[in-house]
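Okay, here's what each chain looks like letter by letter:
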Number of protein chains: 2
Amino acid sequence: METSQKTIFPKGKKNEIPYFTGISYLQMLMTDEKNFDCSIGNVTFEKGCRNNWHSHPGGQILLVTDGEGYYQEKGNPARIIKAGDVIEIKPDVIHWHGATPRSEMTHIAISTRTSLGPAVWGAPVTDEEYKNCEQ
Amino acid sequence: METSQKTIFPKGKKNEIPYFTGISYLQMLMTDEKNFDCSIGNVTFEKGCRNNWHSHPGGQILLVTDGEGYYQEKGNPARIIKAGDVIEIKPDVIHWHGATPRSEMTHIAISTRTSLGPAVWGAPVTDEEYKNCEQ
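Note that this is a predicted model, so its numbers are computed, not measured.

### A word on the pairing of strand 4 (residues 38-45) of chain B
Residues and elements named next belong to chain B.
No. 1: Of all 8 residues in strand 4, 6 are buried; the element is thus mostly enclosed.
No. 2: The pairing of strand 3 (residues 24-30) with strand 4 spans 6 bridges and is antiparallel. When the sheet's bridge partners are listed, methionine 28 is paired in strand 4 with glycine 41.
No. 3: Inspection of the sheet shows strand 4 paired to strand 11 (residues 105-112) by 8 bridges, in the antiparallel sense. The residue bridging serine 39 from the neighbouring strand is serine 111, located in strand 11.

### Focus: the pairing of strand 3 (residues 24-30) of chain A
No. 1: Alignment of strand 1 (residues 13-14) of chain A against strand 3 of chain A, held across 2 bridges, turns out to be antiparallel. Its bridge partner being in strand 3 of chain A, lysine 14 of chain A is matched across the sheet by tyrosine 25 of chain A.

### Overview of the relation of the copies chain B and chain A
Put simply, the two copies of the chain differ by a rotation about an axis and a shift along that axis.
No. 1: In the superposition of chain B on chain A (RMSD 0.0 Å, axial shift 0.0 Å), the rotation amounts to 180 degrees. Given the turn and translation reported, the copies of this chain are related as if by a two-fold rotation axis.
No. 2: Most of the interface of chain B is mirrored in chain A, where 100% of its interface residues again form contacts.

### Things to note about the nonpolar core
Generally speaking, nonpolar side chains in soluble globular proteins are found buried as a group.
No. 1: In terms of nonpolar packing, the biggest core is built from 47 residues, with Ile61, Leu63 and Ile110 of chain A together with Ile40, Leu63 and Ile110 of chain B touching the most fellow members.
No. 2: Elements that contribute at least two residues to this core include exactly strand 4 (38-45), strand 7 (60-73) and strand 11 (105-112) of chain A together with strand 3, strand 4, strand 7 (60-73) and strand 11 of chain B.
No. 3: If we skip the residues at most four places from it in the chain, isoleucine 61 of chain A touches Val86, Ile87, Glu88, Ile110 and Thr112 of chain A together with Met30, Phe36 and Ile40 of chain B.

### Here we look at the confidence of the model for chain A
In low-pLDDT segments, the atomic positions of the prediction should not be examined closely.
No. 1: Mean pLDDT over chain A: 95, with 96% of residues reaching 70 or higher.
No. 2: Long-range and interchain partners of residues 1-5 of chain A, a stretch whose pLDDT sits below 50, account for 7 contacts in this model, where long-range means more than four residues apart.

### Observations concerning the interface of chain B and chain A
No. 1: Contacts between the two partners involve 24 residues from chain B and, on the opposite side, 24 residues from chain A.
No. 2: For the side of chain B that touches chain A, the elements supplying multiple residues, two or more each, are strand 3, helix 1 (33-36), strand 4, strand 7, strand 9 (86-89) and strand 11 of chain B.
No. 3: Along the lines of polarity and charge, the residues of the side of chain B that touches chain A split into 14 nonpolar, 5 polar and 5 charged.

### Some remarks on the environment of glutamine 60 of chain A
All names here are of chain A.
No. 1: Within the secondary structure, glutamine 60 is located in strand 7.
No. 2: Once the C-alpha coordinates of glutamine 60 and isoleucine 110 are considered, the two residues, 50 residues apart in sequence, prove to be 5.5 Å apart.
No. 3: Not counting residues up to four positions away in its chain, the partners in contact with glutamine 60 are Ile89, Ala109, Ile110, Ser111 and Thr112.

### Considering unusual backbone geometry
No. 1: In the Ramachandran plot, aspartate 37 of chain A falls in the positive-phi region, its phi being about 50 degrees despite a non-glycine side chain.
No. 2: Among the secondary structure elements, aspartate 37 of chain A is positioned in the loop between helix 1 (33-36) and strand 4.
No. 3: Of note in this structure, arginine 113 of chain B is not a glycine but carries a positive phi near 45 degrees.
No. 4: Checked against the element boundaries, arginine 113 of chain B lands in the loop between strand 11 and strand 12 (120-121).
No. 5: Its 22 C-beta neighbours within 10 Å are what place arginine 113 of chain B among the buried residues.

About the criteria used
- Counting from 1, residues in each chain are numbered in the order their sequence is written.
- Chain letters start at A and ligand numbers start at 1, both assigned in the order the entries are written.
- With the structure being a predicted model, the display of local features is reserved for residues of pLDDT at least 70 and the display and counting of side-chain atom pairs for 80 or more, all residues being used for whole-chain, interface and lining totals.
- Burial in this document is a count-based property: other C-beta atoms within 10 Å of a residue's C-beta are tallied, and the residue is buried at 20 or more, exposed at 12 or fewer, or partly exposed in between, with C-beta positions derived from the backbone.
- Strands are runs of DSSP state E lasting at least two residues, helices are runs of H or I lasting at least four, and both sets are numbered from the N terminus onward.
- Being paired, for any two strands, means DSSP has found at least two bridges between them.
- The copies are overlaid by a least-squares fit using only the C-alpha atoms of residues whose pLDDT is at least 70 in both copies.
- Contact between residues is assigned whenever the C-beta positions, reconstructed from backbone atoms, fall within 7 Å.
- As used throughout, a nonpolar core is a set of buried Ala, Val, Leu, Ile, Met, Phe, Trp, Tyr and Cys residues joined through C-beta atoms within 7 Å of each other.
- Confidence per residue, as judged by the predictor, is encoded in pLDDT with a range of 0 to 100.
- Each residue is assigned to one class: nonpolar for Ala, Val, Leu, Ile, Met, Phe, Trp, Tyr, Cys and Pro, charged for Asp, Glu, Lys and Arg, and polar for all the others, Gly among them.

Below is the structure:
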């Protein structure tokens, strides 16, 4: 298993979820949704990688642990996120997250109230949308 | 604010919750229980520090990010926990956690299904119970 020196939790395997542009890695840390009504995964995005626009019926919290990335909610400009940042994604808010072109980014993703349903995936973030993050 | 070099998230202020033996620090990272039905705190235990026996009606997940500590469930031997470990504490399971005598320990505590109620606190972990962890 490939791991980064700075990564506390395992980097995991190459992420095969088809709603990502570029290369990412996923290691689930907690999946007992029955007892905890949440799931926790460690996600690493390689430079340039991002996920599609999507939303979570029960919300999600991101704890950024390494590198530098983007977070954007529909209708708002993207923001730079980095190690130590906590992102609160309220239920049904359409958004995406990923690395910048110049840095990997790792975050712990806590999907909350998962009994309300799985993520709802939309279109990929286009190269134009991604380039606009720097403006 | 005093912070450790290795700590990704802020160490926060000295923890004034009266259910701890020794010195600890607490920084809440997410408190919007209304939207997410959980809360997230970063807790650092100095050497020898531990919390009282307690349980959580909605459960709790610990993500250990630094150092070495103990985790013990009632009726079972204590186990050593260290950076990278994930501890699943099921609802109503009586337990405690803390540092070892030789190391600080930092974990992210994700209190899940907090709408079921706050932690239920019991007696302190005695010096004898604490010393028994090494056996």
